[in-house]
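# Chain and residue survey
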2 protein chains.
Amino acid sequence: MIRMPEPDQQVLARRGEIIAALRRIVPGEGVVENENELRAFECDGLTAYRQLPMIAVLPSTTAQVAEVLRYCKANNIRIVPRGAGTSLSGGAMPLADGILLGMGKFKKILEIDLPNRCAVVQPGVTNLGISQAVRGQGLYYAPDPSSQIACTIGGNVAENSGGVHCLKYGLTTNNVIGVEIVTLDGEIIRLGGKHFDGPGYDLLGALVGSEGMLGVVTEVTVRLLPIPPTARALMIGFPSVESAGDCVAAVIAAGIIPGGMEIMDKLATEAAEAFVHAGYPLDVAALLIVELDGCAAEVDHLVAAVEHIATQHQAVSCRASTSEEERLLFWAGRKAAFPAVGRISPDYYCMDGTIPRKRIAEVLRRMTEMEQTYGLRVANVFHAGDGNLHPLILYDANRPGELQRAEDFGADILRLCVEVGGVLTGEHGVGVEKRDLMPTMFNETDLAQQQALKCAFDDAGLLNPGKVFPQLCRCAELGRMHIHGGKLPFPELERF
Amino acid sequence: MIRMPEPDQQVLARRGEIIAALRRIVPGEGVVENENELRAFECDGLTAYRQLPMIAVLPSTTAQVAEVLRYCKANNIRIVPRGAGTSLSGGAMPLADGILLGMGKFKKILEIDLPNRCAVVQPGVTNLGISQAVRGQGLYYAPDPSSQIACTIGGNVAENSGGVHCLKYGLTTNNVIGVEIVTLDGEIIRLGGKHFDGPGYDLLGALVGSEGMLGVVTEVTVRLLPIPPTARALMIGFPSVESAGDCVAAVIAAGIIPGGMEIMDKLATEAAEAFVHAGYPLDVAALLIVELDGCAAEVDHLVAAVEHIATQHQAVSCRASTSEEERLLFWAGRKAAFPAVGRISPDYYCMDGTIPRKRIAEVLRRMTEMEQTYGLRVANVFHAGDGNLHPLILYDANRPGELQRAEDFGADILRLCVEVGGVLTGEHGVGVEKRDLMPTMFNETDLAQQQALKCAFDDAGLLNPGKVFPQLCRCAELGRMHIHGGKLPFPELERF
């Protein structure tokens, strides 16, 4: 059950005047007020919840973004920035009294700078679009969220997006070296750049993953990496998810950093195999896919080393790809796992907790116990190398109470992640989805310190309010380092 | 000429009472008040400037740190945290009215966690101490500042320290995954941890490199990397520093990421060769040392690729190491370059600017012109792959005016770095050394945003004031996003 901040009736009453003012800033078709057209923005990837924004604004220049933000600050209007709207945590969920600031028109690749091995792009360029632009030079942009065809680099910066290869190559925060942002005051600030490190506080570090709450990104400089000359995948079957989890921890303990290391449990493996016929073994309780990349000799050496570790951890089958076609086939099932699970259940709810690697086996065992408690099945598909779980809770939204039960189950899984020393999210962000669980992980002092950073950028609380923090706070009160009360101040949001 | 904040006479008048209060918090020998003993803390690696602290406190538990900070906040006393005191930018320079908070007693390695490939250590553990503790497991901690025998991981976190291998393996910020800090309010906060990513703002990112101004680090969790199985070094001679600089940019543009890539100019090469007899060619204008690491087959392939690029960039000599002894010999001169330069000049001043790689040749050329203007010679030894320059300005402190001229020359070099799209520091931090140059790089809006982040952690301005920012600011005034006035408010510091 998700609640959002109470709409400001005074702002709603001034809608016509606000539209007129925004049209003066962004002329032409850049201001959307018609309900049918606003429907395009009513939700992001967290599709169970929908909300029409008051108005959508689609600027095409940084100057327009600055003027819109200045206007909103002067008139106390809330703003929700949005890239492609693929967020799975509701980071781009609109507000009834807020402006949806769509950055889709910022689509240019501004510069490809080979000697500095980086590219400068506008925030509306897609994640995959960057790699495609530099493929001819043997380079690519490393983070690869599943939505990479659609999601934009601006959204990736907001959510600190990950992907299958983050184990070896890092998240967005490790691959973005500079941004230009516009603050709520309409000031344009450059953080980082093409150079190495930089003086002063790492505002770039604070901004990446800030879920649109600190500023609006108008330009991004990304690091480019050489495409690995060789990659081979191993497909390893285990008699239990526990032994697969232990094998993952042992590979890392041996100092090996695979390009990707993913576990699928029996349910996910069966669903994927039925969908794409990747040749997955159906007689194992867990399937581990390990990809090793580098030069051919190194990869062969690492494949043998991982095979050896697997046999020490009860592996019952092990196949190494011997061609690029075979490697892609091994991955095909994993990549199609979400839609595959969609075929065996009317609905599923994808969670995103992260745990220390050595607790994987234990957490998987306890999740199995929880399936009994909630009477719902879970398919597990996850970035095992990172300890980043993506349990898919299967439910049927047409059965009364099942969505609620799935959400409660999901919350319990995240509480378990925190209990074993993990965290609430690995790569999907907090958004509205995990907002109310933040106190599970952070105490009042922690949350107050985070809010203090928010206030340093946005003391009016107008940038994407209602996300990340379970309480709207008044910056003026933060000096005392205490947030008052424990009740959620937000009214309930309609659920679809 | 460095100025520091005016001492608070009211605090100085209460010195006796403060000592008594601190002794109640840290009993035994943990409070240092005697002038001779305080001399040990009068400067850090920026030895040209010295200042006795009012009192030094050496706590041995986190609870003591928290109580000291709470006491200081309640009594409006400034604090300067200190690790081993090897900072080259004066980050640990004491204040006449301040407490020097020495973290040297926090020396324990708390945990080596192989399945999660990380170690949890106290901040007073030395950088090299971490690698030594895990060498038997084939692992190491990657950032390797020249001071790694002495410098502590806590100081590395404060300064975001680098080293020769940061090009490939990242700075401290890329290798520290969690910290425990104590805020000025005496609250203990954990940022990051053993898990992958985490929800909320990246306070860990903001903290690393914050130069002791946001909180006091009491525990650090570091990532461990496997020791590369093979490493080979290339020693390549060029007819000009420009051609060496161009070669560096071309190697990176080809997608190759060497473990280290360092340039020494003729003066530095001659000094180093005379000192350690590494077999450096003396008939070249610049020497490039490139280290390639990985498995043997990969390294051989990369050595050939770099040799090929070098020949396309006018290389006049090229030797590849064929044994581990030879590789270490190639590096011996580079590692001894600073003391070697110390043998050919009574004094030298080491700068630390960073530029985009493709501007290296141009910046080196303009620095040569500046040598004429200032009548001082420069030896260049630098992390070329990172674009991180370390020009050593040679001077004689006994000649009236030469230190001032060296400082002016250094400031001009840093201005040049900013002019070409670079920054004021790569790995030494801003401290007091580059503080007054911050407005060269950042405008009022930028600095106000950084100050706002500082205020979010320390609204009283008691943690390490006088560092990084050219003006002390009142947090209450920051709401207007303007810092008033342009004059430096600090009295002049005695120079040695």
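Our structure's up above, just so we're on the same page.
Residues numbered from 1 in each chain as written. Chains lettered and ligands numbered in written order. Predicted model: local features only at pLDDT ≥ 70, side-chain atom pairs only at ≥ 80, totals over all residues. Heavy atoms only, no water.

### Considerations on the overall build of chain A
What chain A contains, in helices and strands, is 18 helices and 18 strands. For chain A, the spread of C-alpha atoms along the principal axes amounts to about 70 × 55 × 45 Å. Scored against the burial criterion, the 496 residues of chain A give a buried share of 63%. A separation threshold of at least 6 residues defines the contact pool for chain A, and within that pool the share at least 24 residues apart is 73%. About 17500 Å² of surface is accessible on chain A, with carbon and sulfur atoms providing 51% of the total. Between the averaged position of the 44 positive side-chain charges in chain A and that of its 59 negative side-chain charges there is a distance of 3 Å. (Helix = DSSP H or I, 4+ residues; strand = E, 2+ residues; numbered from the N terminus. Buried < 20%, exposed > 50% of the residue type's maximum accessible area, 1.4 Å probe, protein only. Contact = heavy atoms within 4.5 Å. Areas by Shrake-Rupley, 256 points an atom, 1.4 Å probe, with all protein chains shown as cover. Lys, Arg positive; Asp, Glu negative; His and termini not counted. Charge placed at Lys NZ, Arg CZ, Asp CG, Glu CD.)

### What about the relation of the copies chain B and chain A?
The transform that puts chain B on chain A rotates by 180° and translates by 0.0 Å along the axis, for an RMSD of 0.0 Å. These values place the two chain copies in the arrangement generated by a two-fold rotation axis. Among all C-alpha atoms of chain B, that of Gly 205 of chain B lies closest to the rotation axis, at 2.4 Å. A share of 99% of the interface residues of chain B reappears at the interface of chain A, consistent with the copies meeting face to face through the same patch. (Least-squares fit on C-alpha atoms with pLDDT ≥ 70 in both.)

### What about the side chain of Asp 144 of chain A?
All names here are of chain A. Among the secondary structure elements, Asp 144 is positioned in the loop between β7 (139-140) and α6 (153-159). Buried and without a salt bridge, Asp 144 has Lys 335 as its closest oppositely charged side chain, separated by 5.6 Å. The contact partners of Asp 144, leaving out residues within four places of it in the chain, are Gly 162, Gly 163, Val 164 and His 165. (Salt bridge = Lys/Arg side-chain N within 4 Å of Asp/Glu carboxyl O.)

### Things to note about the interface of chain B and chain A
Interfaces are frequently sized by the accessible area removed from exposure as the parts join. Each partner contributes to the interface: chain B provides 73 residues, whereas chain A provides 72 residues. Both faces combined, the contact of chain B with chain A buries some 6000 Å², and carbon together with sulfur accounts for 62% of it. Looking at the side of chain B facing chain A, the largest losses of area belong to Phe 196, Pro 199 and Tyr 201 of chain B, adding up to 16% of the total buried there. Our count for the chain B to chain A interface comes out at 4 salt bridges. Linking chain B with chain A are 14 residue pairs in polar contact (both at pLDDT 80 or more), by the criterion used here. It is helix α18 (residues 444-457) of chain B that contributes the most residues to the side of chain B that touches chain A, 9 residues altogether. (Buried area = accessible area lost by both parts, 1.4 Å probe. Polar contact = N/O pair within 3.5 Å; in protein donor to acceptor, adjacent residues only side chain to side chain.)

### Observations regarding helix α2 (residues 15-25) of chain B
Residues and elements named next belong to chain B. Burial in α2 covers these residues: Ile 18, Ile 19, Ala 21, Leu 22 and Ile 25. Take α2 and look down its axis: the buried residues cluster within an arc of 165°, on one side only. As for α2, its buried residues are in contact with α1 (9-13), β1 (31-32), β2 (55-57), α4 (62-75) and β4 (98-102). (Arc of directions from axis to C-beta.)

### Digging into the packing of aromatic side chains
Residues and elements named next belong to chain B. As enumerated under the stated definition, the model contains 8 aromatic pairs over all chains in all. Judged by centre distance (6.4 Å) and plane angle (80°), the ring pair of Tyr 140 and Tyr 169 falls under edge-to-face. Here the residue Tyr 140 occupies a position in strand β7 (residues 139-140), and Tyr 169 occupies one in helix α7 (residues 166-169), the gap between them amounting to 29 residues. Under the relative-accessibility criterion, Tyr 140 is labelled buried at 17%. (Phe/Tyr/Trp six-rings, centres within 6.5 Å; stacked < 30°, edge-to-face > 60°.)

### Side note on the pattern of salt bridges
Tallied over the entire structure, the rule returns 62 salt bridges over all chains. A salt bridge links Asp 459 of chain B to Lys 73 of chain B; its shortest N-O distance comes to 3.5 Å. Residue Asp 459 of chain B is found in the segment after α18, and its partner Lys 73 of chain B is found in helix α4; the two are separated by 386 residues along the sequence. Residue Asp 459 of chain B is classed as partly exposed on the basis of its relative accessible area of 42%. Residue Arg 415 of chain B pairs with Asp 412 of chain B through a salt bridge whose shortest N-O separation is 2.7 Å. With Arg 415 of chain B and Asp 412 of chain B both in helix α16 (residues 402-419) and 3 residues apart, this pair spans about one turn of that helix. A relative accessible area of 37% places Arg 415 of chain B in the partly exposed class. Three or more residues joined by partner-sharing salt bridges are found here, namely Glu 35, Arg 39, Glu 42 and Arg 50 of chain A.

From the geometry alone we can't say anything about function, so treat these as descriptive.
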